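Each chain, written out:
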Amino acid sequence: MAVVPVYNILAVPGANIPLSLERFEKMIGRVPVSGERVTLIFMKEEKSREELVSDDFYPIGVSGTVTEVGDQGVLVFRCNTRVDLKSINIYPDHSIDLDVERRQDIEDLDDAVSAKRLKHMKQLMLEAYGENPQFGPMLRGMISRWASLGDIAGIVNRWLINSPEEKMAVLSEDSRDARELKLEELLRENLEFHKVNTEANSAQEEEYQKMYRENALKKQIEYLQKQLDSLHPEKVSDLRRFELKIQDLGMNESAKAEAEKVLKRLQQEGQQTAESGMLYDYLDYVTNLPWKKEIAQEIDLAAAEQVLEEDHYGLKKVKNRILQQIAVMSLKGQQSGSILLFVGAPGTGKTSIGASIARALGRKYVRVSLGGVRDEADIRGHRRTYIGAMAGRIIDGIKKSGVSNPVMVLDEVDKLSTSFHGDPASALLEVLDPEQNHSFTDHYLNVPYDLSDVLFVCTANSAETIPGPLLNRMEVIPFQGYSPLEKKEIAKRHLLPKALEAVGLTAEQVNIGDDILETLISDYTRESGVRGLKRCLDKLCRGAAVRFVRDKQTLSVTKENLRELMDSHPLPHRAVRDHSTPGVVTGLAWTAVGGEILYIETMFTKGSGKIHVTGQLGSVMKESAELAVSKVKALFPEEAQRFAENDLHIHVPDGATPKDGPSAGITLTTALASLVTGKPVPATVGMTGEVSLQSEVKPIGGLPEKLMAAERAGVKTVFIPADNEQDLTDVAPEVLEKLEVIPVREVSEVLTRLGLLEKV
């Protein structure tokens, strides 16, 4: 007798069950034959024949006979009796041997009741599936052959939703009446489930049909509307135009949903309500923003370098850093990179080089001025609930550029201020953070906008006034002041041609030589940049235009007629004195417009040891003066009594100009040493550096600007901190050629070289 393991099958005595011939063959290892006796044993979990063990089966099986072996892969098994499995033996060849005992039924089933149940179940089956085009004909042909509820269960076995445990509960019932009752309940439960499932599927199908019909109608209406719009484009309404733009702009999901909501509200309320103007303005603004991401263009590094060289003379370090940025963007295929902060004096080309970057990348350029901005809404925009609400300057700049990846120059970020309206510098944190700006939310738009493709370039005159968290998001690139030679080249290449063009003159009509440019640079300007030089050239060209129109002949500008054409006096430049005085030393200072020399003047007066400091010195310079006094007392103990018997006056001209910073320490110390020794320091010697109580000369900033100022003023020798020696690479070669720069580490080195202190 063959033993066949099966899974999730409902089998009761008296039932005919169709089974898979392939499954049957796989389990017994051969093709079954009609009339063969078979015992079905029921697996707790579905497993392959090779994985089975004796504990994988329920303790009850069904013994029966194969009554029919079909040619369509199905056999019919007739369930005869239930059996209890006393033992199960599984051999190495995976064959199964059973020790079984027939399980007796309790004969309590009334045949009339059973027939009534069968008739009622057939009726329920006909009501449920009789009209089904797939199962109805087959069901009506088979229903007459069903002799018991077990036959029905055998036919619908594969569609039963009950678990193996529930099916085994039916088989294990000894009472025939109770077993048939459980079987009836199981079949009724499945009929109800399939009925509900059919109703749900029918309802879902109706919904789908309704949706398909609605979509088809919408597409037809849209097609007809497009045809009408193409025939009469002048009659397309603004609302229709908004609707078309919303569909075609490539907005993100949030923006599209918000725009459609506002459009629907405007359509429902009409254009005569109080809010219609606000809704219309919002839609007009949103639909004019560039939402689609621009395709990254291939960057030609050589062409970019050529553009930078054409537009700007000098600035080698700055241009090298920009080329590095462009090269990285090209390799990584990115639209943006690090946030660059250009810091330098006015007129050094910080803003204009932003336009050159845009031209080098082949992208749109937009400039956003942040000087004096004190309202957070200028960055993030106003909420639409306010009258006169508008988007912030960042989003407005994007809209003006017309693309989603412009080069945006944020000008004067060091001049942001704070008020009760909020802190705009804090609002910029999100804009300039690559980890956040892909979902920047402007209060006016109220939807996220992707700023990750925008290349931000910031400018400032000083990094000291920029808040730390904002400065931390940017890479500072200093713009050094131009040397006189660089200014002359810039004037010849850029400023002079533009100035002549602005007044309608040509280089053939007005001759302005290099000597005139040098005179303008040295006598009529005092700056690190070239903005003042540009104004001078504009003024000179206007004067030359008057002379040319009057005389109708070519004009040559000379030093003799320059003052007349400029109609102004040369600026009084501070130059080194032609004589030296004990107690007076030339110092070097850094200002927002470049470098400058200043004098430290000291003198003793009759008094009681007081120290007077004048010249609008800040707290840092006052502390440097006190430190210098202590240091000189220690270096010249024999002169210490003079400080107690006299008042010391320290003055730094010009008195009307505020001054502060630590770099005057060495100059103050040297001036006091010169005063107490009575030995003058040559006026052509300048110095800069901070001093400590341990006599160390500490490093300072702004060295290139200070050395240019020293060279311009006629200084010949400059003492600098040894730690600043590496900064000499940033100084123009023509400046270094005219200066003797001496790095020092201690105060005694300076005093010894100047003859104020004897060598130990």
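Owing to the predicted nature of the structure, the values given are computational and were not obtained by experimental measurement.

Scoring rules and cut-offs
- All residue numbers refer to position in the chain's written sequence, counted from 1.
- Only residues with pLDDT of at least 70 are given local features in this predicted model, and only at 80 or more are side-chain atom pairs given and counted; all residues enter the totals for whole chains, interfaces and linings.
- Side-chain measures were taken over the full set of non-hydrogen atoms in the model, leaving aside hydrogen atoms and water.
- Numbering of helices and strands starts at the N terminus; helices are DSSP runs of H or I of at least 4 residues and strands are runs of E of at least 2.
- Only C-alpha atoms enter the radius of gyration; for comparison, a globular chain is expected to reach 2.2 Å times N to the power 0.38, where N is the number of residues.
- Three labels apply to residues, based on accessible area from a 1.4 Å probe with only protein chains included: buried if under 20% of the type maximum, exposed if over 50%, partly exposed otherwise in between.
- Throughout, a contact is declared for two residues whenever any of their heavy atoms are within 4.5 Å.
- A 1.4 Å probe and the Shrake-Rupley method give the accessible areas. Residues count as covered only by the protein chains that appear here.
- Counted as positive: Lys and Arg. Counted as negative: Asp and Glu. His and the chain ends are not counted at all.
- Note that the charge is assigned to NZ on lysines, CZ on arginines, CG on aspartates and CD on glutamates.
- Nonpolar side chains (Val, Leu, Ile, Met, Phe, Trp, Tyr) are joined into patches within 5 Å and like charges within 9 Å, using only residues with over 30% relative accessible area and no salt bridge.
- Salt bridges are identified by distance alone: a Lys or Arg side-chain nitrogen within 4 Å of an Asp or Glu carboxyl oxygen.
- At least two DSSP bridges between two strands are needed for those strands to be called paired.
- For helices, the fitted axis covers only the stretch in contact; all axes are lines through C-alpha atoms, and the angles between them, taken along N-to-C directions, range from 0 to 180 degrees.
- In this context, the arc is that of the directions from the helix axis out to the C-beta atoms.
- To pair, rings of Phe, Tyr and Trp, with the six-membered ring standing in for Trp, must have centres within 6.5 Å; the planes then decide the type, stacked if under 30 degrees apart, edge-to-face if over 60, and tilted in the middle.
- Lysine NZ or arginine CZ positioned within 6 Å of the ring centre and within 35 degrees of the ring normal marks a charge as sitting over the ring.
- Angles are sorted into four bins: roughly parallel if under 35 degrees, roughly antiparallel if over 145, roughly perpendicular if 65 to 115, and oblique for all others.
- Helix crossings fall into two classes, left-handed where the near helix is turned counterclockwise from the far one by less than a right angle and right-handed where it is turned clockwise.
- In this count, Pro and Cys sit with the nonpolar residues alongside Ala, Val, Leu, Ile, Met, Phe, Trp and Tyr, while Asp, Glu, Lys and Arg are called charged and the others, Gly among them, polar.
- Contacts described as polar in this section are N or O atom pairs within 3.5 Å, which, within protein, must combine one atom able to donate a hydrogen with one able to accept it, while residues neighboring in sequence count only if both atoms come from side chains.
- A residue's pLDDT is the confidence the predictor assigns to it, expressed on a 0 to 100 scale.
- Multiplying one less than the number of residues by 1.5 Å gives the expected span of a helix.

S.K.: An account of the overall build of the protein chain is requested, with residue identities and associated values reported.
M.R.: For the protein chain, the count of helices and strands is 26 helices and 24 strands. Rg of the C-alpha trace for the protein chain: 48 Å, well past the compact-globule value of 27 Å for 760 residues, more than 25% over. Taken over the C-alpha atoms alone, the protein chain extends approximately 140 × 80 × 50 Å along its principal axes. Taking all 760 residues of the protein chain together, the buried fraction comes to 46%. For the protein chain, contacts bridging at least 24 residues in sequence account for 72% of all contacts bridging at least 6. Total accessible area on the protein chain stands at roughly 39,100 Å², and carbon and sulfur atoms take up 50% of it. Positive and negative charge centroids in the protein chain, built from 93 and 114 side chains respectively, lie 5 Å apart.

S.K.: Explain a nonpolar patch on the surface to me, using residue names and the numbers behind them.
M.R.: The grouping of Tyr 208, Met 211 and Tyr 212 at the surface amounts to a nonpolar patch, some 300 Å² of accessible area in total. Position of Tyr 208 among the secondary structure elements: in helix α6 (residues 176-231). The class of Tyr 208 is partly exposed, set by a relative accessible area of 35%.

S.K.: Describe the side chain of Ser 276, with residues and values.
M.R.: You can see Ser 276 is positioned in helix α9 (residues 276-286). Leaving out residues up to four positions away in the same chain, Ser 276 has contacts with Leu 266, Gly 270 and Gln 271.

S.K.: Talk me through the sheet that holds strand β8 (residues 365-369); I want residue IDs and the actual numbers.
M.R.: To summarise the sheet geometry, strands pair through backbone hydrogen bonds and adopt either a parallel or an antiparallel arrangement. Spatial ordering of the open sheet is given by β8-β9-β12-β7-β13, a layout of 5 strands whose pairing is parallel. A single partner strand is all that each edge strand has here, and the edge strands are β8 and β13 (475-479). The average undirected angle you get between the axes of adjacent strands in this sheet is 25°. Examined bridge by bridge, β8 and strand β9 (residues 407-411) share 5 bridges and lie parallel to one another. When the bridges of β9 are listed, Ser 369 appears paired with Asp 411. Across the sheet, helix α12 (residues 350-361) is in contact with β7 (340-344), β8, β9, β12 (455-460) and β13; its angle to β9 comes to roughly 175°.

S.K.: Explain the pattern of salt bridges to me, using residue names and the numbers behind them.
M.R.: Across all of its chains, the model carries 41 salt bridges by this definition. Asp 56 is paired through a salt bridge with Lys 47; the nearest N and O atoms lie 3.2 Å apart. Glu 564 is the salt-bridge partner of Arg 547, the closest N and O atoms lying 3.1 Å from each other. Placement of Arg 547 in helix α19 (residues 531-551) and of Glu 564 in helix α20 (residues 559-566) is noted, with a sequence separation of 17 residues between them. Its relative accessible area of 56% is what places Glu 564 among the exposed residues. Residues participating in the shared-partner salt-bridge network are Arg 82, Asp 84, Arg 103, Asp 105, Asp 174 and Arg 179.

S.K.: Outline helix α7 (residues 238-248), listing residues and values.
M.R.: Listed as buried for α7 are Leu 239, Arg 240, Phe 242 and Ile 246. Angular distribution of buried residues about the axis of α7 spans 160°; they occupy a single face of the element. Gly 250 sits one or two residues past α7 and shows a positive phi near 75°.

S.K.: Go over the packing of aromatic side chains, please, and point to the residues and values.
M.R.: Applying the stated criterion across every chain yields a total of 7 aromatic pairs. Ring centres of Tyr 208 and Tyr 212 lie 6.1 Å apart, and the angle between their planes is 20°; on these two criteria the pair is classed as stacked. A residue pair is termed a helical-turn pair when its members lie 3 or 4 positions apart in one helix, as Tyr 208 and Tyr 212 do in helix α6 at 4 residues. Joined through ring pairs, the aromatic side chains of Tyr 282, Tyr 285 and Tyr 444 make up one cluster. The positively charged end of Arg 384 is found above the aromatic ring belonging to Tyr 282, 3.9 Å away from the centroid. The ring of Tyr 599 is capped by Arg 577, whose NZ or CZ atom sits 4.6 Å from the centre of that ring.

S.K.: How would you summarise the packing of α7 against helix α8 (residues 253-269) if you had to cite specific residues and measurements?
M.R.: Each pair of packed helices gets described by two things: the angle between the helix axes and the distance between those axes. At a minimum axis distance of 10 Å, the contact between α7 and α8 shows a crossing angle of 165°. Between α7 and α8, the angle is such that the two are roughly antiparallel. In this structure, the crossing between α7 and α8 has a hand that is left-handed. Touching Leu 239, Phe 242, Glu 243, Ile 246 and Gln 247 of α7 are Lys 256, Ala 259, Glu 260, Leu 263, Leu 266 and Gln 267, all from α8. In the contact of α7 with α8, the residues fall into 6 nonpolar, 2 polar and 3 charged.

S.K.: How would you sum up the side chain of Asp 647? Please name residues and give values.
M.R.: With respect to the helices, strands and loops of the structure, Asp 647 is situated in strand β19 (residues 646-651). There is no salt bridge for the buried Asp 647, and the closest opposite charge comes from Lys 610, which lies 6.0 Å off by N-O distance. A polar side-chain atom of Asp 647 sits 2.9 Å from the main-chain amide nitrogen of Ser 608. Separated by 2.9 Å, the side chain of Asp 647 and the backbone nitrogen of Lys 610 make a polar contact. Excluding its chain neighbours within four sequence positions, the residues that come into contact with Asp 647 are Met 603, Phe 604, Thr 605, Lys 606, Gly 607, Ser 608, Gly 609, Lys 610 and His 612.

S.K.: Describe the confidence of the model for the protein chain, and please don't skip the residues or the numbers.
M.R.: In the predicted model, the protein chain carries a mean pLDDT of 87, and 96% of its residues have values of at least 70. Taken element by element, the protein chain is modelled with least confidence in helix α3 (residues 136-142), mean pLDDT 63, and with most confidence in strand β23 (residues 717-721), mean pLDDT 96.

S.K.: Tell me about the environment of Pro 733, and name the residues and values.
M.R.: By the secondary structure assignment, Pro 733 is in helix α25 (residues 733-736). Judged by relative accessible area, Pro 733 falls into the exposed class, the value being 56%. Taking the C-alpha atoms as reference points, Pro 733 and Ser 483, separated by 250 residues in sequence, lie 9.3 Å from one another.

S.K.: Please provide a residue-by-residue account of helix α11 (residues 316-332), values included.
M.R.: When the terminal C-alpha atoms of α11 are compared, their 24 Å separation across 17 residues agrees well with the 24 Å that a helix rising 1.5 Å per residue should span. Buried within α11 we find Val 318, Lys 319, Arg 321, Ile 322, Leu 323, Gln 325, Ile 326 and Met 329. Structurally, α11 contributes buried residues whose contacts are with α10 (301-311), β7, α12, β12 and β13.

S.K.: Can you break down the environment of Lys 738 residue by residue, with the values?
M.R.: Secondary-structure assignment places Lys 738 in the loop between α25 and β24 (740-744). Once the C-alpha coordinates of Lys 738 and Thr 717 are considered, the two residues, 21 residues apart in sequence, prove to be 9.0 Å apart. Separated by 3.4 Å, the side chains of Lys 738 and Glu 711 make a polar contact.

S.K.: Before we move on, can you summarise the environment of Leu 186 with the specific residues and values?
M.R.: Summarising the element assignment, Leu 186 is placed in helix α6. On the basis of relative accessibility, which here comes to 6%, the residue Leu 186 falls in the buried class. Residues Leu 186 and Ala 153, 33 residues apart in the sequence, show an inter-C-alpha distance of 9.1 Å. Residues in contact with Leu 186, not counting those within four places in the same chain, are Leu 10, Leu 160, Asn 162 and Val 170.

S.K.: So what about the packing of α7 against α9? Which residues, and what values?
M.R.: Remark: α7 packs on α9, axes separated minimally by 10 Å, with the N-to-C direction vectors making an angle of 40°. The orientation of α7 relative to α9 falls into the category oblique. Viewed along their axes, α7 and α9 form a crossing whose handedness is left-handed. Packed against α7, whose contacting residues are Asp 238, Phe 242 and Ile 246, the element α9 presents Tyr 280, Leu 283 and Asp 284 at the interface. Split by residue class, the contact of α7 with α9 holds 4 nonpolar, no polar and 2 charged.

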